Amino acid sequence: MSSIEEKVIAEIRQRAEKGEAKYGTTMDRDDLSLKEWLQHLKEELMDGVIYTQKIIDLLGAWENELR
């Protein structure tokens, strides 16, 4: 396994521990319906789109500064 994969695994472990401490449960939970799981996924993906747009905006500003 590469060092990159090791870093990702370590980060997943850290996030899992943080999530369990914050929410008092793990992904092994069975109290959510399929629709609720999909809603959680949708919200996470929307956050990802917002972060992507922010980075695109920053890159555009940096490119303009270089000109």
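Re the overall build of the protein chain
- For the protein chain, the count of helices and strands is 2 helices and 0 strands.
- Counting only C-alpha atoms and orienting by the principal axes, one finds that the protein chain spans roughly 55 × 35 × 20 Å.
- Of all 67 residues assigned to the protein chain, the portion counted as buried reaches 1%.
- Carbon and sulfur atoms provide 58% of the accessible area of the protein chain, an area that totals close to 6600 Å².
- Across the protein chain, the centroid of the 10 positively charged side chains sits 4 Å from that of the 15 negatively charged ones.

Points about the layout of surface pockets
- Taken as a whole, the largest pocket encloses approximately 870 Å³ of empty space.
- R15, G19, Y23, M27 and E44 are, among the 19 residues lining the largest pocket, the residues nearest its centre.
- It is helix α1 (residues 3-23) that provides the largest number of residues to the lining of the largest pocket, a total of 8 residues.
- Of the residues in the lining of the largest pocket, the class split is 7 nonpolar, 4 polar and 8 charged.

Some details on the environment of D47
- As for its placement among the helices and strands, D47 is situated in helix α2 (residues 34-66).
- Sequence-wise, D47 and D30 are 17 residues apart; in three dimensions their C-alpha atoms are separated by 24 Å.

Focus on the pattern of salt bridges
- Here the structure, examined in full by the defined rule, presents 1 salt bridge.
- Residues R29 and D31 are paired through a salt bridge, measuring 2.7 Å at the closest nitrogen-oxygen approach.

Considering the environment of S33
- Among the secondary structure elements, S33 is positioned in the loop between α1 and α2.
- The sequence separation of S33 and W62 amounts to 29 residues, and the corresponding C-alpha distance is 44 Å.

Looking at α1
- With 21 residues, α1 ought to run about 30 Å at 1.5 Å a step, and its terminal C-alpha atoms sit 30 Å apart, in line with that.
- The buried fraction of α1 is low, at 0 of 21 residues.
- One or two residues past the end of α1 sits G24, with phi positive at roughly 70°.

Notes on a nonpolar patch on the surface
- A cluster of nonpolar side chains, namely L34, L38, L41 and L45, defines an oily patch on the protein surface of about 430 Å² accessible area.
- Mapped onto the elements, L41 comes out in helix α2.
- Residue L41 is classed as partly exposed on the basis of its relative accessible area of 44%.

The rules we used
Residues numbered from 1 in each chain as written. Predicted model: local features only at pLDDT ≥ 70, side-chain atom pairs only at ≥ 80, totals over all residues. Heavy atoms only, no water. Helix = DSSP H or I, 4+ residues; strand = E, 2+ residues; numbered from the N terminus. Buried < 20%, exposed > 50% of the residue type's maximum accessible area, 1.4 Å probe, protein only. Areas by Shrake-Rupley, 256 points an atom, 1.4 Å probe, with all protein chains shown as cover. Lys, Arg positive; Asp, Glu negative; His and termini not counted. Charge placed at Lys NZ, Arg CZ, Asp CG, Glu CD. 1 Å grid on protein atoms, 1.4 Å probe; cavity = no way out; pocket = protein on both sides within 12 Å on 5 of 7 lines; lining within 4 Å. Points joined across faces, edges and corners; volume = space filled by probe spheres on them. Nonpolar A, V, L, I, M, F, W, Y, C, P; charged D, E, K, R; others polar. Salt bridge = Lys/Arg side-chain N within 4 Å of Asp/Glu carboxyl O. Expected span 1.5 Å × (residues − 1). Patch = residues over 30% accessible without salt bridge, like charges linked within 9 Å, V, L, I, M, F, W, Y side chains within 5 Å.

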